[in-house]
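Here's the letter readout for the chains.
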Amino acid sequence: TAESWLAMWPSLLLLLLLPGPLPLSGMDDAAFPHLGESSRPPPRACPLRCSCPRADTVDCDGLDLRVFPDNITRAAQHLSLQNNQLQELPYNELSRLSGLRTLNLHNNLISSEGLPDEAFESLTQLQHIYVAQNKLSVAPQFLPRSLRVADLAANQVTEIFPLTFGEKPALRSVYLHNNQLSNAGLPPDAFRGSEAIATLSLSNNRLSYLPPSLPPSLERLHLQNNLISKVPRGALSRQTQLRELYLQHNQLTDSGLDATTFSKLHSLEYLDLSNNQLTTVPAGLPRTLAILHLGRNRIRQVEAARLHGARGLRYLLLQHNQLGSSGLPAGALRPLRGLHTLHLYGNGLDHVPPALPRRLRALVLPHNRVAALGPRDLTATPGLAELNLAYNRLASARVHRRAFRRLRALRSLDLAGNQLTRLPMGLPTGLRTLRLQRNQLRMLEPEPLACLDQLRDLNLAHNRLRVGDIGPGTWHELQALQVRHAPVGHTVPRALPSPFLRYRVPNILIRE
């Protein structure tokens with residue numbers, strides 16, 4: 001009725017004036033989850049198929065991506081895109097990632113055309129960049145000043161620019177190996193303003209001479225496998241902190257070096273000049289040098305004067321040169337009082353070099369022409385622990401019974417591949433390894449093996465021994481023997497020492 005409608009009007013008017021529906025119980029609680037909201041925090045943005053283990057890390061490794069992923073958070077500091085199929089880097093995507101510290105683009109298909117000149121200019125905090133194994137033909141013209149490590153190895157780079165690696169005060173390591181760099185592609189100011197570089201790798205390129213103006217802070221310099229025939233005078237005069245220098249597999253000749261080439265390298269410890277065309281030991285070697293590798297050159301003679309400065313040398317490697325009977329005259333190695341190891345295999349020496357350094361511990365002489373061992377040939381090296389005379393021309397009649405008498409520290413003796421018909425006499429009692437395979441041994445007698453109670457490994461394979469040629473009691477004192485290599489078909493001799501019998505027969509009778 002009209003009266004009842006008029007009675008309800010004030011209530012209807014009040015409802016129309018209210019701003020919204022009346023709250024239900026609990027809706028006014030700030031902790032109550034409203035419609036469309038969740039009590040959990042929203043998920044971090046992460047590109048499709050990538051993983052984001054931390055808020056600052058995006059890992060898109062090995063996803064066969066062909067396009068730079070979108071939706072990368074601006075908070076990213078570490079981005080890995082290695083092992084994909086990317087061909088280009090879009091500037092717009094990179095420029096917004098200004099907080100990046102690590103960018104890994106290793107093993108993609110990125111070409112120089114796909115890398116804009118300004119690609120990295122906004123990455124002002126970038127410290128590590130890895131673009132190895134791509135398709136770059138030239139290096140980026142600009143890399144951020146904040147860089148510490150730059151890896152552009154295994155591309156096709158023929159040219160770098162002054163600001164690629166220059167003006168980077170924090171830069172420590174640069175890797176440019178396995179590219180196509182020539183000296184023309186390496187500007188003289190390539191590293192200007194980068195005075196902290198400790199490691200520089202330029203191996204496997206096309207350099208014809210050692211680049212000038214290298215950083216004075218270098219500690220390791222890799223230049224192996226180039227076409228280097230010359231080190232210009234003064235090129236290494238400032239590198240007083242250099243400890244390792246790799247120049248193997250180049251085309252260095254004696255005329256490409258001079259007496260000052262290495263003389264200023266006051267920290268040098270390792271020098272590798274192997275696989276070059278040197279005919280003499282270089283002059284001016286520093287006192288700090290510990291390892292000198294001269295293998296596979298054309299050296300005919302070693303002169304003491306050339307080694308005079310390298311008095312701290314510990315390892316001298318001269319294998320596969322052209323050292324003949326006069327290649328190491330008496331006293332040639334006298335300056336090297338601390339020499340530990342001397343490698344001479346693959347030369348033409350017909351005798352053990354005289355007057356070897358007294359502290360020598362390892363003498364490696366296989367594949368020479370040594371035909372005799374006299375009573376005094378080894379007396380100068382009483383501390384020798386390893387002696388390798390394998391594959392020479394030693395005959396039993398020309399090995400003196402006292403040839404080894406002074407070698408009380410000897411632990412390993414290799415006489416394999418000679419012309420011995422019987423075991424040498426007077427073997428050192430401390431021997432642990434004795435290799436006599438591939439000789440012409442016809443008998444084994446107890447006397448040469450007497451007192452060898454520390455011998456563990458005796459190799460007699462490929463000789464002319466038969467079971468009846470092994471005298472009674474031959475094995476009696478060989479209490480430590482563990483492995484004995486003998487021709488197939490031999491049976492285990494009687495009266496083997498008890499430790500020897502712990503090993504199964506198949507492990508004992510081995511044919512090489």
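Before any of the text, the structure's been laid out above.
What comes next concerns the included structure. (Residues numbered from 1 in each chain as written. Predicted model: local features only at pLDDT ≥ 70, side-chain atom pairs only at ≥ 80, totals over all residues. Heavy atoms only, no water.)

### Observations regarding the state of the cysteines
Alright, step 1. If you walk through the whole model with that rule in mind, you get 2 disulfides.
Alright, step 2. Taken in N- to C-terminal order, the disulfide-linked cysteines of the chain are connected 1-3, 2-4. (Disulfide = S-S within 2.5 Å.)

### Examining a positive patch on the surface
Alright, step 1. Taken together, the side chains of Arg-358, Arg-376, Arg-402, Arg-405, Arg-406 and Arg-408 make up a positively charged region of the molecular surface.
Alright, step 2. Along the chain, Arg-406 turns up in the loop between strand E15 (386-388) and strand E16 (412-414). (Patch = residues over 30% accessible without salt bridge, like charges linked within 9 Å, V, L, I, M, F, W, Y side chains within 5 Å. Areas by Shrake-Rupley, 256 points an atom, 1.4 Å probe, with all protein chains shown as cover. Salt bridge = Lys/Arg side-chain N within 4 Å of Asp/Glu carboxyl O. Lys, Arg positive; Asp, Glu negative; His and termini not counted. Charge placed at Lys NZ, Arg CZ, Asp CG, Glu CD. Helix = DSSP H or I, 4+ residues; strand = E, 2+ residues; numbered from the N terminus.)

### Things to note about the pattern of salt bridges
Alright, step 1. In total, this model carries 5 salt bridges according to the counting rule given.
Alright, step 2. The salt bridge involving Glu-219 is made with Arg-220; its shortest N-O contact spans 3.7 Å.
Alright, step 3. With a relative accessible area of 18%, Glu-219 lands in the buried category.
Alright, step 4. Here Glu-219 and Arg-243 are joined by a salt bridge, their closest N and O atoms 3.6 Å apart. With Glu-219 in the loop between strand E7 (199-201) and strand E8 (220-222) and Arg-243 in the loop between E8 and strand E9 (244-246), this pair connects stretches of sequence that are 24 residues apart.
Alright, step 5. Its relative accessible area of 27% is what places Arg-243 among the partly exposed residues.
Alright, step 6. Here the salt bridges share partners, and the residues they tie into one network are Glu-219, Arg-220 and Arg-243. (Buried < 20%, exposed > 50% of the residue type's maximum accessible area, 1.4 Å probe, protein only.)

### As for the environment of Ala-132
Alright, step 1. When you line up the elements, Ala-132 lands in the loop between strand E4 (128-130) and strand E5 (149-151).
Alright, step 2. Between the C-alpha atoms of Ala-132 and Asp-151, which are 19 residues apart in sequence, the distance is 5.8 Å.
Alright, step 3. Dropping the residues within four chain positions of it, Ala-132 is found in contact with Leu-105, His-106, Asn-107, Asp-151, Leu-152, Ala-153 and Asn-155. (Contact = heavy atoms within 4.5 Å.)

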